[in-house]
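# Summary of the model geometry
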Amino acid sequence: DSGVTQTPKHLITATGQRVTLRCSPRSGDLSVYWYQQSLDQGLQFLIQYYNGEERAKGNILERFSAQQFPDLHSELNLSSLELGDSALYFCASSVVLGGQETQYFGPGTRLLVL
Amino acid sequence: AQSVTQLDSQVPVFEEAPVELRCNYSSSVSVYLFWYVQYPNQGLQLLLKYLSGSTLVKGINGFEAEFNKSQTSFHLRKPSVHISDTAEYFCAVSDAYGQNFVFGPGTRLSVLP
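A short tour of the structure in this document, coming up. (Residues numbered from 1 in each chain as written. Chains lettered and ligands numbered in written order. Predicted model: local features only at pLDDT ≥ 70, side-chain atom pairs only at ≥ 80, totals over all residues. Heavy atoms only, no water.)

### With respect to the side chain of Gln48 of chain A
Put simply, the test is: Put simply, DSSP marks the helices as runs of H or I at least four residues long and the strands as runs of E at least two long, and each gets a number from the N terminus on. Here a polar contact is taken to be a pair of N or O atoms separated by no more than 3.5 Å, where protein atoms must pair a possible hydrogen donor with a possible acceptor and residues adjacent in sequence count only if both atoms sit in side chains.
By the secondary structure assignment, Gln48 of chain A is in strand E5 (residues 42-50). For Gln48 of chain A, the side chain forms a polar contact with the side chain of Ser31 of chain A, separated by 3.1 Å.

Okay, here's the thing in structure tokens:
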């Protein structure tokens with residue numbers, strides 16, 4: 001158990017809909033990362049937040065957005081969903097010790113768009 | 001920017017045999033290297049990581065990896081595999097600040113009885 005929690009575990013929705021995925025980082029971790037794992041694209045980094053601010057952006061579509069709240073939990077919003085958005089969405093939190101960062105992954109949310 | 005290549009998409013091996021999963025990377029800066037395992041229907045778990053120091057890194061579940069800077073490789077090895085090692089293995093690289101995290105395409109290890 002990494003200490004990172006994600007809800008829901010599974011989500012089934014239809015094309016055109018909007019969903020919100022939630023991530024709670026390990027206690028004390030300030031950074032949250034979001035990743036997408038799909039059959040087509042493999043594992044991809046989407047976006048990173050640090051203490052409420054966007055820190056880095058990867059291959060995140062304009063239809064997707066994220067935010068990190070004052071209590072450090074994060075939400076990933078996916079809108080105008082397409083079939084190709086079906087994937088496993090991971091979040092990870094990280095700690096920096098001595099200038100070195102280590103990520104801890106949550107169990108993921110499996111999204112199926114029908 | 002970093003990139004990662006895992007040459008073998010699938011590796012079948014018999015139980016108790018040794019295994020090596022290959023990983024090569026490219027980067028213009030110093031890197032950190034990682035191996036993650038994903039068991040069927042589960043999330044990612046860190047196996048081991050190379051940040052600095054000794055080039056031979058020992059991880060969990062009897063795995064080890066060796067960082068070879070001249071060959072830009074970070075191959076994962078285990079001297080004797082178990083059925084329970086059947087999983088997908090991902091090599092990953094980041095810059096030396098832990099940023100710009102990139103995963104390889106993964107290698108599916110199947111351990112046969």
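After presenting the structure, the write-up continues.
### Examining the environment of Gly3 of chain A
All names here are of chain A. To keep things clear, this is the line we draw: For this analysis, residues touch if any pair of their heavy atoms sits within 4.5 Å.
Mapping Gly3 onto the fold places it in the segment before strand E1 (5-7). As a C-alpha pair, Gly3 and Gly16 span 13 residues in sequence and 33 Å in three-dimensional space. If near-sequence neighbours (up to four positions away) are discounted, Gly3 is found in contact with Ser24, Pro25 and Arg26.

### With respect to the state of the cysteines
By definition, a disulfide links the sulfur atoms of two cysteine residues through a covalent bond. Here is the rule we go by: When two cysteine sulfur atoms are found within 2.5 Å, that pair is recorded as a disulfide. Relative accessibility thresholds used throughout: buried, under 20% of the residue-type maximum; exposed, over 50%; partly exposed, between the two (1.4 Å probe, protein chains only).
In the structure shown here, the tally under the stated rule is two disulfides over all chains. The side chain of Cys23 of chain A participates in a disulfide bridge whose partner is Cys91 of chain A; the two sulfur atoms lie 1.9 Å from each other. In this structure, the disulfide formed by Cys23 of chain A and Cys91 of chain A twists by about 70° around the S-S bond and is classed as right-handed. One end of the pair, Cys23 of chain A, is in strand E3 (residues 19-24); the other, Cys91 of chain A, is in strand E9 (residues 87-97), with 68 residues separating them in the sequence. Of the two residues, Cys23 of chain A and Cys91 of chain A, both sit in the buried class. A sulfur-sulfur distance of 1.9 Å marks the disulfide that ties Cys23 of chain B to Cys91 of chain B. One quick way to see it: the torsion about the S-S bond of Cys23 of chain B and Cys91 of chain B is about -65°, and its sign makes the bridge left-handed. Pair noted here: Cys23 of chain B is in the loop between strand E3 (19-21) and strand E4 (24-26) and Cys91 of chain B is in strand E10 (residues 87-95), with a separation of 68 residues, a long-range link. Given a relative accessible area of 0%, Cys23 of chain B falls into the buried group.

### Some points on the environment of Gln37 of chain A
Mapped onto the elements, Gln37 of chain A comes out in strand E4 (residues 31-38). In sequence terms Gln37 of chain A and Tyr89 of chain A are 52 residues apart; their C-alpha atoms lie 6.2 Å from each other. In this structure Gln37 of chain A touches Gly42, Leu43, Ala87, Leu88 and Phe90 of chain A together with Gln38 and Phe90 of chain B, once residues within four positions along its chain are discounted. Within the structure, Gln37 of chain A has its side chain in polar contact with the side chain of Gln38 of chain B (distance 2.9 Å).

### With respect to the nonpolar core
Basically, it comes down to this: Here, the term nonpolar core denotes a set of buried Ala, Val, Leu, Ile, Met, Phe, Trp, Tyr and Cys residues that are joined through side-chain atoms within 4.5 Å.
Among the nonpolar cores identified, the biggest contains 28 residues, and Leu33, Trp35, Leu47, Leu48, Phe74, Leu76 and Tyr89 of chain B are the most heavily contacted of them. Going through the elements one at a time, strand E2 (10-14), E3, strand E5 (31-38), strand E6 (44-50), strand E8 (64-68), strand E9 (73-78), E10 and strand E12 (107-112) of chain B are the ones with two or more residues in this core. Here Tyr89 of chain B is in contact with Gln6, Leu21, Trp35, Tyr36, Val37, Leu47, Phe63, Leu76, Gly106, Thr107 and Leu109 of chain B, once residues within four sequence places are set aside. Grouped together as the second largest cluster of nonpolar side chains are 20 residues, Val4, Val19, Phe64 and Ala87 of chain A included.

### Some thoughts on the sheet that holds strand E8 (residues 74-78) of chain A
All names here are of chain A. For the record, the criterion: In this analysis, strands are considered paired if DSSP registers two or more bridges between them. Fitted lines through C-alpha atoms serve as axes, helices being fitted only where they are in contact, and the angles separating the N-to-C directions of these axes extend from 0 to 180 degrees.
Read across the open sheet, the four strands follow the order E1-E3-E8-E7; overall the sheet is antiparallel. Strand pairing shows two members of the sheet lacking a second neighbour, E1 and strand E7 (64-68), which therefore form its edges. Sheet twist, expressed as the average angle between the axes of neighbouring strands with direction ignored, equals 15°. Bridge count between E3 and E8: five bridges; the pairing is antiparallel. What sits directly across from Val19, in E8, is Leu78.

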